[in-house]
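Summary of structural features
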Amino acid sequence: MKKEPEKGLPRLEGAEGGVVMRFAPNPNGPPTIGSARGIIINSEYVKRYGGRFLLRFDDTDPVNKRPMPEAYGWYLEDCQWLGAVPDEVIVASDRLPLYYEIAEELIWRGGAYVCRCDQAAFKALKDAAAACPHRGQSPQENNALWREMIEGSLGPGEAVLRVKTDIVHKDPALRDWAAFRIVTTPHPRAGDKYRVWPLLDFESAVEDHLLGVTHILRGKDLMDSERRQRYLYDHMGWEYPTTIHWGRIKIHQFGSFSTSALRRALEAGEYSGWDDARMPTVRALRRRGIRPEALRKFMVELGVGETDISISMDSVYAENRKIVDPMAKRRFFVKDPHPLEIDGDVPEVAKAPFHPTLDLGLREIPAGPRVLVSADDLSDLKVGGSLRLKDLCNIEVVATAPLRARAIGTDPHQAKEMRLRIIHWAPPAGVPVRVMRPDGVDAGIGEAGIREDEGKVVQFERYGFVRIDSVSGDEVVAYFAHR
RNA sequence: GCUCCGGUAGUGUAGUCCGGCCAAUCAUUCCGGCCUUUCGAGCCGAAGACCCGGGUUCAAAUCCCGGCCGGAGCACCA
């Protein structure tokens, strides 16, 4: 029996009655392209089956992956921009009392114990599949020690609460994992209100149950996490949600990156900000003029396979081009401008269409006997050679250095008959433009009308699509999207 | 060392659970050609893959075993 081919995302097991799904980042930086995948796929399933999409901040490490206060808002902004407004926002660091309650119940149920081994000692025992001396403590003893952890008579490193699993489990990764540890470093949000913080496996597992999450999408690297968490669910008599794993994602254009590494590079001054054109963040893509629909389409087509994948931004760019091409005005931008003197009849003003196929009207560009052409086109400007300046006139080059030509007509049909190469140009009185690209910065002169396009995505003809980021008194800054 | 997961064209992806419709889907990329006053868009065409070896079967991308390759976990990180 064969099924019809699925298009888009694969069916979710048991989702027919609606789903509750969450995206659960640590806000230690802004959302990256990888985060976008989580945001988009989770919210896409909720759209498809109905239900609730939750945004939960797993911000329970004040030290190693210290949350950034600004990042909470960034996630909200980027979710909204991606068309995934959460139905509810949960912040783990606001909810420690809830976790304490459950921890206590777990202790009384005999599912957890306070371990006072030092880290290395416990690891040695664990690797030998041997129980530590504290494993046999009674619930009463454990509860007393747990109180000491919370009340402060035990210091960091002196005790952790462990969930009992199977100390002889063949996979060492699953043996008696730590659920809480003592941290006295103040939390960016909670300050020094708490000194006992849950670890991911406890916090995430408990929240998923509390929130009624039905389906969890997470990285393959967290497969063991699930197996660990199931012990907790068994102790508590809870039912574990359905899980789906996906492989690691690597992007050709950005290589491997981690939020922590990006943060260090940023702090070292290597980037202008989290929305630097070179950054693999959602905000950087937005600034460059990538449309959210392009990202959604791309992510849905990627699917949710367990294979580790290495993707290229080319596919995102292709999707984006389809969206942006029909609406982007055309503009002239000349990179590395060189002056060109033209003898003869050159129109004082060029009238050029804003779009090659759509009727978006015409723009007027001041021209005259002196224009600028790009250094990239110099190789086509040889003495005796002729070409067409797009929307202006046809010329024959009479000299290089300095560059000089004579006008040989304005008719585009003539150019066509002569099979002239067509290049673009800019007026000397144009506006200086800087283009911030993932691979560097281009500078040049653009037609003055670009000043009207602030915030818009336009196409610099024969150069690529850009978003006009800012227009100041004497300069325009554009962010490069793609060709 | 122990444990877990994966391997379909350059890159992704469908098909794998329930073997035959798969001489293998779609997208992107690349290469030709057409069209176009942009090196953009559009149109047409082409190239390109089941990791390897055994086994089961009338029949294997699909099931089984072994190998190889890749990724991950074994944190008081997420």
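The structure presented is a predicted model; accordingly, all values stated were derived computationally and were not measured.

**Comments concerning the sheet that holds strand 22 (residues 431–437)**
- Spatially, seven strands are ordered 12-24-25-26-22-23-13 in an open sheet, and the strand pairing comes out mixed. The sheet is open, and its two borders are formed by strand 12 (329–331) and strand 13 (333–335), each paired with just one other strand. Shown here is a sheet whose adjacent strand axes are inclined to one another by a mean of 40 degrees, direction ignored.
- Both strand 22 and strand 26 (residues 476–482) contribute to a ladder of four bridges, which runs parallel. Looking at strand 26, one finds that Val435 is bridged to Ala478.

**A closer look at the packing of aromatic side chains**
- For the coordinates displayed, the defined rule picks out 18 aromatic pairs.
- When the ring centre of Trp81 is taken as origin, the NZ or CZ atom of Arg286, which lies over that ring, is 5.2 Å away.
- We note Lys329 situated over the ring of Phe354; from NZ or CZ to the ring centre the distance is 4.8 Å.

**Focus: the packing of helix 10 (residues 292–302) against helix 11 (residues 313–324)**
- Closest axis-to-axis distance for the helix 10/helix 11 pair is 8 Å, and the angle between their directions is 135 degrees. The orientation of helix 10 with respect to helix 11, classified from their angle, is oblique. The element helix 10 and its partner helix 11 pack so that their crossing is right-handed. In this structure, helix 10 contributes Glu293, Ala294, Leu295, Lys297, Phe298 and Glu301 to the contact, and helix 11 contributes Ser315, Val316, Glu319, Asn320 and Ile323.

**As for unusual backbone geometry**
- Backbone torsion omega between Ala401 and Pro402 reads -5 degrees, so that peptide bond is classified as cis.
- Turning to its location among the elements, Pro402 is positioned in the loop between strand 19 (393–399) and strand 20 (404–409).
- At Asp176, a residue that is not glycine, the phi angle is positive and equals roughly 30 degrees.
- Mapped onto the fold, Asp176 is located in the loop between strand 5 (160–163) and strand 6 (178–182).
- In this structure Asp176 comes out as buried when scored by relative accessible area, which is 0%.
- Phi angles above zero are rare outside glycine, and Asp336 is one such case at about 45 degrees.

Criteria and thresholds
- Residues numbered from 1 in each chain as written.
- Chains lettered and ligands numbered in written order.
- Predicted model: local features only at pLDDT ≥ 70, side-chain atom pairs only at ≥ 80, totals over all residues.
- Heavy atoms only, no water.
- Pairing = 2+ DSSP bridges.
- Helix = DSSP H or I, 4+ residues; strand = E, 2+ residues; numbered from the N terminus.
- Axes fitted to C-alpha atoms, helices over the stretch in contact; angles between N-to-C directions.
- Phe/Tyr/Trp six-rings, centres within 6.5 Å; stacked < 30°, edge-to-face > 60°.
- Lys NZ or Arg CZ within 6 Å of the ring centre and 35° of its normal.
- Parallel < 35°, antiparallel > 145°, perpendicular 65-115°, else oblique.
- Left-handed = near helix turned anticlockwise from the far one by under 90°.
- Contact = heavy atoms within 4.5 Å.
- Buried < 20%, exposed > 50% of the residue type's maximum accessible area, 1.4 Å probe, protein only.

Keep in mind these numbers describe shape, not what the thing actually does.
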